[in-house]
Structures are given as C-alpha cells and as structure tokens.
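# Structural description and commentary
Residues per chain, in single letters:
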Amino acid sequence: MVTPQFLTAGDRVGLIAPARFITAEQLAPALKLLESWGLQAVLADNIHKPHHQFAGDDIQRAVSMQALVNDPEIKALWSVRGGYGSIRLLDHLDLTSFKRNPKWLIGYSDVTVFHNVLHILGIASIHGTMPIDLADLPTALGNHPEALENLRSILFGETPALEFAPNAANRQGLAKGIVTGGNLSMLYSMCGSPYQVQTAGKILIIEDLDEYRYHIDRMLRNLKNNGLLSDLAGLIVGGFTKIHDNSIPFGNTVKEIILELVDGCDYPVAFDAPSGHIHKNYPLVFGQQAQFEVTPRGVSLNYL
C-alpha cells in the first residue's frame, strides 16, 4: 500500500462535494479549522451549486472533483459531507492519477465508495469526520476535540492508536492486518462489482446509520455469502446509530446479528468502536497495517 505524502504548513486541501450540497454557513467552521492548522482550503467548483439534493449533477460533481484530483498542488481531498451520490460518479472519474500523485482522501459514510476504490488501487486513506459535522446545526453530529486532533496528527505524520472500552459481547484475540471497510450500506452496494471490498486477511470495520435491523441482517448476509466475513483478521463494529425495528420485532439486536453471522470464525471482534455517525468519530487509516487486540480490559488498534 502507498501512503500519501504527509502535510506541512501552507499545503492546500481540496474540499470536494461528491454527494450532497453544503452551504457556505455550514462550511465556515471547517475553513477556520484548516486555517488554524496552517493549511489552505481550495473549494471544488460545484460546492455551492445544488441540484436537487446533490452538489450539482453527476457530471458537474465529477468534473469538479477530477480537477482537484489532478492538481499536483492539492495534498489532500476532504469530502464536505456524505449522504448519497459518490457511487454515481465512478463511471465519470479517473482515479488512477492517484497512482502518480497520491494524496490523502478524508471522509466517511458515503465516502466509503472512494476509500474502497483507493484501497483496490493500493493507496491509503483516512476514514474520519467531515466539514458538515462541524456545522452548528441541530442535525449535525458535532465533534470531539481529541478526534479532530487525531485527524490533524495523522495528516501531519503521526498515527495515534485507537483505544476504547471493553464490551461484554466482544470476542477476545490478537490479530494483525491492513485496516479497511466503512459504511455497511455502501460496502453492500458494491458487492458483486469491480469495486467489491477486499477483506481476506484484513481488519474490517463497519458502521451505519438509520437502518432497520432486518436490513442490517440482509446486508451482512450478503457480505457473508460473498465470502467477505470468513477470512478476516479481525472485525471492528463502530456506531450503528438510529437503528429501527418493525412493529413486529425482528428479534435480534445488531450485536446478536453480527455474532450469529461470524459464529465459527476464530478472529477477534470488538463492538462500540468510536467511529461512524457518532460524536466521537475518531479517524482510522485505511490501507495501513495495524495490530488489533481485544482483551477483558479493553480494545486497541495500533498502527505498525
């Protein structure tokens, strides 16, 4: 795996909008944050051009993103928000230029599409918070200061370990592997395509938002039936937020669904990782080798 060049003061960060649009007011806190880190923000042309729920139509979003992908002066790409739309751009983008000029891609949720494509290309990326999360809105997740500091640290050349509390449902063990994964709905949507997630021998992290229990069961069974859960080095379960059930209960919780589907596999499993659509959305470096340990005292993910 190729690790993009770390940032230094004065570097330019491209703010991309491959999915939903964002307003100038919503974007302002992220611009201030980048400035406080000594970085220069460069906005994609489509960033304030709404088209229905999107930040422009598919071609506008793709062309605007491609320009920043191709610009050698841009050292990182930070997706301003998720929602839905990134997967619609894959037929219009040429991301192979990342091979010649790799740069950090930052985001989560819908951005899982690009994380996975870069993973297939052999390039590391950062699963982490987005500018919309910094916006002072009733619907915004907000941000944890340590999570933002960890993001800054990764961009500037450090890889702080991820540590979190034990959970009674955890399955203990020690494993090493490359970290990958992201939003379950997006991983599910790419199954059977050229962009299908590669999981063999890797540490897979999953998270999701606003889903029904039966649909989580269906998505995970699809991953299992595609052989994507059998050869993992380890499984990390992040936030499963605002999960719904039918009037006639499905019967199993998210934890129970997952444990049933990985029964018989001997890798460690950890729940409630601080990652995903939650306040403490700590960054993860996808594509980097790490040691994953689950003990009665807690869980750690240390990059090697």
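In this report, we go over the structure that sits alongside the text. (Residues numbered from 1 in each chain as written. Predicted model: local features only at pLDDT ≥ 70, side-chain atom pairs only at ≥ 80, totals over all residues. Heavy atoms only, no water.)

Within the fold, Asn-70 resides in helix α2 (residues 58-70). The exposure class of Asn-70 is partly exposed, given its relative accessible area of 44%. Considering only alpha carbons, one finds Asn-70 and Glu-158, 88 residues apart in sequence, at a separation of 26 Å. At 3.3 Å, the side chain of Asn-70 and the side chain of Ser-97 are in polar contact. (Helix = DSSP H or I, 4+ residues; strand = E, 2+ residues; numbered from the N terminus. Buried < 20%, exposed > 50% of the residue type's maximum accessible area, 1.4 Å probe, protein only. Polar contact = N/O pair within 3.5 Å; in protein donor to acceptor, adjacent residues only side chain to side chain.)

As a further point, take the pattern of salt bridges. If you walk through the whole model with that rule in mind, you get seven salt bridges. The shortest N-O distance in the salt bridge between Arg-152 and Glu-149 comes to 2.8 Å. In this pair, Arg-152 and Glu-149 are both assigned in helix α5 (residues 145-155), three residues apart and thus about one turn of the helix distant. Take Arg-152: its relative accessible area is 24%, and that puts it in the partly exposed class. Given the relative accessible area of 36%, Glu-149 is considered partly exposed. Of the charged contacts, one joins Asp-272 and Lys-255 as a salt bridge, the two residues approaching to 3.6 Å between their closest N and O atoms. You can see Asp-272 sitting in the loop between β10 (269-270) and β11 (284-286) and its partner Lys-255 sitting in helix α8 (residues 254-261), a full 17 residues away along the chain. Assessed through its relative accessible area of 28%, Lys-255 is described here as partly exposed. Here the salt bridges share partners, and the residues they tie into one network are Asp-58, Arg-61 and Arg-88. (Salt bridge = Lys/Arg side-chain N within 4 Å of Asp/Glu carboxyl O.)

The analysis is restricted to geometry; functional conclusions fall outside its scope.
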